[in-house]
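# A look at the structure
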Amino acid sequence: LPFLRYSLDVRQRLFGMRVGYDKLSEGDPILEIEALLADTCYNLKNYHEALTRYRDARAHHVSAFGAAHRNTLQVCLKTAGVLVALDRRSEARDLLSKQLSLARNEFGEEDAATIQIAKVLYLCLKSQSGSHPAGPDELREAKRLNVAFGPFR
């Protein structure tokens, strides 16, 4: 973890600040290191740092590729996973709802990315654990998603 932090910091100083994230290309090491650092924090159950790192990665992916790019959507899914782990399901639901609209418009309802977002949103909506159990509206939306994109299990 310290090495990844150092690598990201050095890469940002050398390239990120000088070039700007909007000039980066897909597969650029700075974006990959940033995502790897966030994934590592998540895997170590350091959810607060993971959330910060995923949010940074999301902002940089949006700047580099746009909000509806597949890589950006993938980072959003991971951000939602951290929010769920932190018992912030309403934030995860809001994020996933927005991403589902983007994916539907960009890729269509039959696309794997759209279906994956719909499935995670379904599971998030249906969730009964934590301090924010799903209410009737969430359960109705979960059922609608299951019919439109599922069946999910």
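Refer to the structure printed above.
Worth saying up front: this structure is predicted, and the values here are computed from it rather than measured. (Residues numbered from 1 in each chain as written. Predicted model: local features only at pLDDT ≥ 70, side-chain atom pairs only at ≥ 80, totals over all residues. Heavy atoms only, no water.)

## Looking at the nonpolar core
The condition is simple: Buried Ala, Val, Leu, Ile, Met, Phe, Trp, Tyr and Cys residues that are joined via side-chain atoms within 4.5 Å together make up what is termed a nonpolar core. Burial classes follow relative accessibility: with a 1.4 Å probe on protein chains only, a residue under 20% of its type's maximum area counts as buried, one over 50% as exposed, and anything between as partly exposed. Only runs of H or I of at least four residues qualify as helices and only runs of E of at least two qualify as strands under DSSP, and these elements are numbered from the N terminus.
By size, the foremost hydrophobic cluster in this structure holds 30 residues, and its most contacted members are Leu96, Leu100, Ile117 and Leu145. Of all the secondary-structure elements, those providing two or more residues to this core are helix H2 (29–43), helix H3 (47–65), helix H4 (70–85), helix H5 (89–107), helix H6 (112–126) and helix H7 (136–149). The element best represented in this core is H4, accounting for 7 residues.

## Remarks on unusual backbone geometry
Non-glycine residue lysine 45 carries a positive phi angle of around 60°. Relative to the assigned elements, lysine 45 resides in the loop between H2 and H3. For lysine 45, a relative accessible area of 61% gives the class exposed. Unusually for a residue other than glycine, aspartate 87 sits at a positive phi of about 60°. Examined against the element boundaries, aspartate 87 turns out to sit in the loop between H4 and H5.

## As for H4
How we decide: Residue count minus one, scaled by 1.5 Å, sets the expected span of a helix.
Over its 16 residues, H4 extends 23 Å from the first C-alpha to the last, a length consistent with the 22 Å expected when each residue adds 1.5 Å. Where H4 is concerned, the buried positions are Thr72, Leu73, Val75, Cys76, Leu77, Thr79, Ala80, Val82 and Leu83. Backbone geometry just after H4 places aspartate 87 at a positive phi near 60°.

## Structural notes on the packing of H5 against H6
Let me state the cut-off plainly: Only the stretch in contact is used when a helix axis is fitted, and all axes are lines through C-alpha atoms; the angle between N-to-C directions ranges over 0 to 180 degrees. Convention used here: angles under 35 degrees read as roughly parallel, angles over 145 as roughly antiparallel, angles from 65 to 115 as roughly perpendicular, and any remaining angle as oblique. By convention, the crossing between two helices is left-handed when the near helix turns anticlockwise from the far helix through less than a right angle, and right-handed when the turn is clockwise. Contacts are assigned to residue pairs that have any heavy atoms within 4.5 Å of one another. Gly counts as polar in this scheme, as do all residues outside two lists: the nonpolar Ala, Val, Leu, Ile, Met, Phe, Trp, Tyr, Cys and Pro, and the charged Asp, Glu, Lys and Arg.
The interhelical angle for the contact between H5 and H6, taken along N-to-C directions, is 155°, at an axis separation of 9 Å. Between H5 and H6, the crossing angle belongs to the class labelled roughly antiparallel. The handedness of the crossing between H5 and H6 comes out as left-handed. When H5 is examined against H6, the residues Arg89, Ala92, Arg93, Leu96, Ser97, Gln99, Leu100, Ala103, Arg104 and Phe107 are found in contact with a partner set consisting of Thr114, Ile117, Ala118, Val120, Leu121, Cys124 and Leu125. In terms of residue class, the contact of H5 with H6 is built from 11 nonpolar, 3 polar and 3 charged.

## Examining H5
Each turn of an α-helix holds 3.6 residues, which means side chains three or four residues apart point in the same direction. Our working rule: For this quantity, the arc is that covered by the directions from the helix axis to the C-beta atoms.
Here H5 spans 26 Å end to end across 19 residues, near enough to the 27 Å set by a 1.5 Å rise per residue. The complete set of buried residues in H5 reads Arg89, Ala92, Arg93, Leu95, Leu96, Gln99, Leu100 and Ala103. The buried residues of H5 occupy an angular sector of 165° when the element is viewed end-on, so they sit on one face. Those residues of H5 that are exposed and aimed more than 90 degrees away from the buried face are Lys98 and Asn105.

## Overview of the environment of tyrosine 42
Its place among the elements puts tyrosine 42 in helix H2. You can call tyrosine 42 partly exposed: its relative accessible area is 31%. Sequence-wise, tyrosine 42 and valine 82 are 40 residues apart; in three dimensions their C-alpha atoms are separated by 7.2 Å. Those residues in contact with tyrosine 42 that sit more than four places away from it in its chain are Tyr47, Ala50, Tyr54, Gly81, Val82 and Ala85.

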